[in-house]
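Residues per chain, in single letters:
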Amino acid sequence: MSIVASIARTTVVEAVRNRLLWLTVAVVVLAFGLAQFLAQVAIAETMEIQAALLAAPLRVAAVFIVAVFVITSMVRESNDKITELLLSLPAPRSAYFFGKFAGYASVALIVALLCALPLAFLAKPSGLALWGASLVCELLIVTAMSLFCVLTLAQVVPAFAAVAGFYLLSRSMTAMQIIAAAPLHEPTLADRIVKTIVESIAFLLPALDGMTQTAWLLGGVSLGFASAVFGQTAIYLVLLCSAALFDLYRRNF
Amino acid sequence: MTAQRPLSSVPRVVVSLLVFGLAAQIALRASGPAPSAAAEDLPPAPSAGVLRLASFGDPVALAKGLMLYLQAFDYQSGSKVPYRDLDYDRLETWLARVLELDPLAQYPLMAASRLYAEVPDDSKQRSMLEFIYRQFLLDPNRRWPWLAHATALAKHRLHDLPLARRYARAIQQHAIAANVPLWARQMEAFILEDMDELETARLIIGGYIQSGDVRDPGELRFLEERLKALEARSRLDGGKARKSVN
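What counts, and at which threshold
Residues numbered from 1 in each chain as written. Chains lettered and ligands numbered in written order. Predicted model: local features only at pLDDT ≥ 70, side-chain atom pairs only at ≥ 80, totals over all residues. Axes fitted to C-alpha atoms, helices over the stretch in contact; angles between N-to-C directions. Helix = DSSP H or I, 4+ residues; strand = E, 2+ residues; numbered from the N terminus. Parallel < 35°, antiparallel > 145°, perpendicular 65-115°, else oblique. Left-handed = near helix turned anticlockwise from the far one by under 90°. Contact = placed C-beta atoms within 7 Å. Nonpolar A, V, L, I, M, F, W, Y, C, P; charged D, E, K, R; others polar. Core = buried A, V, L, I, M, F, W, Y, C linked by C-beta atoms within 7 Å. Buried ≥ 20, exposed ≤ 12 C-beta atoms within 10 Å, placed from the backbone.

### Digging into the packing of helix α6 (residues 122–138) of chain B against helix α7 (residues 140–156) of chain B
All names here are of chain B.
- Two elements in contact, α6 and α7, have axes separated by 8 Å at closest approach and are oriented at 155°. In terms of orientation, α6 and α7 fall into the roughly antiparallel class. In this structure, α6 crosses over α7, and the sense of that crossing is left-handed. On α7, the residues that touch Leu-129, Ile-132, Tyr-133, Gln-135, Phe-136 and Leu-137 of α6 are Pro-140, Arg-143, Trp-144, Trp-146, Leu-147, Ala-150, Leu-153 and Ala-154.
- Looking at the contact of α6 with α7 residue by residue, the classes come out as twelve nonpolar, one polar and one charged.

### Side note on the nonpolar core
- Counting residues in hydrophobic clusters, the biggest one holds 76 residues, and the most contacted among them are Ala-62, Val-66, Ala-108, Leu-139, Ala-144, Leu-240 and Ala-244 of chain A.
- Of all the elements in the fold, those that place two or more residues in this core are α2 (20–39), α3 (46–79), α5 (93–116), α6 (125–153), α7 (156–181), α9 (214–217) and α10 (223–250) of chain A together with α1 (12–31) of chain B.
- Once residues lying within four places of it in the same chain are set aside, the contact partners of Ala-244 of chain A are Phe-97, Ala-144, Leu-147, Phe-148 and Leu-151 of chain A.
- If you look at the next biggest cluster of nonpolar residues, it comprises 49 residues, including Ala-63, Leu-101, Leu-129 and Tyr-167 of chain B.

### Notes on unusual backbone geometry
- Phi at Arg-19 of chain A is positive, roughly 60°, even though this residue is not glycine.
- On the basis of neighbour counts, which here come to 11 C-beta atoms within 10 Å, the residue Arg-19 of chain A falls in the exposed class.
- Positive phi outside glycine occurs at His-159 of chain B, with the angle close to 55°.
- Inspection of the secondary structure assignment puts His-159 of chain B in the loop between α7 and α8 (161–174).
- The exposure class assigned to His-159 of chain B is exposed, which follows from the 9 C-beta atoms found within 10 Å.

### Looking at the interface of chain A and chain B
- Opposite the 24 residues of chain A that make contact, chain B presents 28 residues.
- For the side of chain A that touches chain B, the secondary structure elements donating two or more residues are α7, α8 (189–204) and α10 of chain A.
- In the side of chain A that touches chain B, the residues fall into 16 nonpolar, six polar and two charged.

### Description of the packing of α7 of chain A against α8 of chain A
Residues and elements named next belong to chain A.
- One can describe the packing of α7 onto α8 by two numbers: an axis separation of 9 Å at closest approach and a directional angle of 160°. As summarised for this structure, α7 and α8 are arranged roughly antiparallel, according to the angle between their axes. Viewed along their axes, α7 and α8 form a crossing whose handedness is left-handed. Every residue of α8 that contacts α7 at Met-173, Met-176, Gln-177, Ala-180 and Ala-181 is listed here: Val-194, Lys-195, Val-198, Glu-199 and Ala-202.
- Across the contact of α7 with α8, the residue classes break down as seven nonpolar, one polar and two charged.

Worth remembering: the numbers are spatial, not functional.
Structure below.
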C-alpha cells in the first residue's frame with residue numbers, strides 16, 4: 001500500500017476511534033427530531049418546512065464537525081511528533097499532505113452522506129442528489145482550508161478562527177457586495193475604496209453562498225448549478241492545496 | 001520559532017499550481033454575473049418567534065442586521081431597484097419585525113417615511129403612511145418625527161388634507177413628551193387652515209396660546225399673528241356670506 005493510502009487509512013481510523021461518526025449520527029438524529037417537533041406547528045407545507053429546518057442546521061453542523069476534527073487531529077499529531085515521524089519517511093512532503101487530505105476528504109464524504117440520509121424522506125431525489133454532492137464539495141473546501149490554516153498557524157484557536165471567518169465571509173460575500181455597490185448617498189472616495197476592497201476579497205473567496213441551497217431540496221434544480229459548484233470546488237481545491245503545500249515545503253520541523 | 005526553508009525548497013509544480021489556482025479563481029469570479037437583488041425576491045418575513053430564536057438572545061443585533069438585509073433588496077450593483085417594485089405587504093411585515101426586535105430603533109420608520117413612502121404609487125404610499133401611523137401609536141413620544149413627515153407627505157404629495165389632519169391630530173393627542181416641539185403639535189391647526197376650516201383652526205391656535213405651553217416669545221408672536229390673520233379671514237368670509245344672502 002502506498003504511503004498516501006496508508007496515511008489516509010490511519011486518518012479515517014482515527015475518526016472512527018474518536019467516535020466522530022457516532023457524533024455525526026447523534027447530531028443527525030437530534031436535528032431530525034427537532035425538525036419533526038417544529039413541523040408539528042406548521043399548518044401548511046409541512047414537508048418543505050421539515051426539509052428546510054433539517055438541511056440548514058445539518059450543513060452548518062457538518063462544516064463545524066469536519067473543521068474541528070481536521071484542526072485538532074493535525075495539532076495533536078504535531079504535538080505527539082507524529083508529523084515529524086511521517087515526514088522522515090522516504091517520500092515527498094506532498095505524499096504526507098495528500099495522504100492526510102485524502103483521509104479527511106473520506107471523513108467529509110461520510111459526514112455528508114450521513115447528513116443527507118434523513119432528507120431522503122423529505123426531498124425530491126434530484127434535488128437531494130445535488131444538495132448532497134454540493135455538501136461534499138463544500139466540506140472538501142472546508143477540509144482543504146482547515147489543513148492550510150493548521151499547517152500555517154499550527155494552533156487550534158487561531159486556525160479554527162481563520163476557518164470560521166473564511167466560511168462566514170464566503171457565505172455572506174454576495175450580500176456584502178450588493179450593499180457596498182450602492183451606498184444610500186452619492187458615492188464618496190471612502191465608499192469607492194470600501195467597494196474596491198470588498199470586490200477584491202470576493203475575487204479570492206469561493207462562492208459558498210451558491211452552494212448547498214435548501215431551495216434545491218424543494219425543487220427547482222438545473223444542471224447549471226451542478227457545473228458551477230463542481231467548477232468552483234475544483235479550482236479552489238487546487239488553490240488551497242497548492243497554498244498548503246507551499247507552506248509545508250517551506251516549514252522547518 | 002525555527003526559520004523557514006528557502007523558497008527554492010518548494011517544487012516548481014507547487015508554485016505553478018498556486019499561480020494557476022489563484023488566476024483561475026480570479027477569472028472564475030470575474031466571469032460570473034455581478035450580484036444583484038431583484039425586488040420580487042423579497043421573501044416573506046419569518047415570525048417574531050423564529051427571529052427571536054435566531055437572535056440567540058440578542059434581538060437588537062439581529063434587528064440591525066435585518067435592516068441591512070432589507071437594504072440589500074433596495075439596491076443592486078449599478079442601479080437601484082425601484083421601491084415601487086417591492087412587495088409592500090412583505091416589506092411592512094419585515095419592518096414591523098425589525099421594530100418588534102428593537103423597539104427603540106428609528107431606522108425602520110425613517111426608511112418607511114423617507115424611502116418607501118415616497119414612491120410614485122398612491123396606494124403603496126398610502127399603505128406605508130398607514131404603517132407609520134400604526135407604529136407611531138405604539139410609541140408616540142419617540143416616533144412622532146416619522147408621522148410628522150408622513151403628515152407632510154399626505155398634504156403635499158397625496159394632496160389628501162383629511163388624511164394629513166388625521167395624522168397631525170394623532171401627533172397632537174398622543175405625542176405629549178416635553179421634547180416634542182410645538183410645531184409638530186400645531187400642525188393640525190395649519191392643515192385646518194388649508195382646509196378652510198378657519199373657525200376650528202382659530203380655536204386650536206387660541207387654545208395653544210391660552211394653555212401656557214408656548215413660552216418662546218418669537219413663537220408666541222407668530223401664533224398671535226396667525227390668530228389675527230385667521231380672525232380677519234373669518235370676518236371677511238362672514239361678510240361675503242351675508243352679502244350673498246342679502
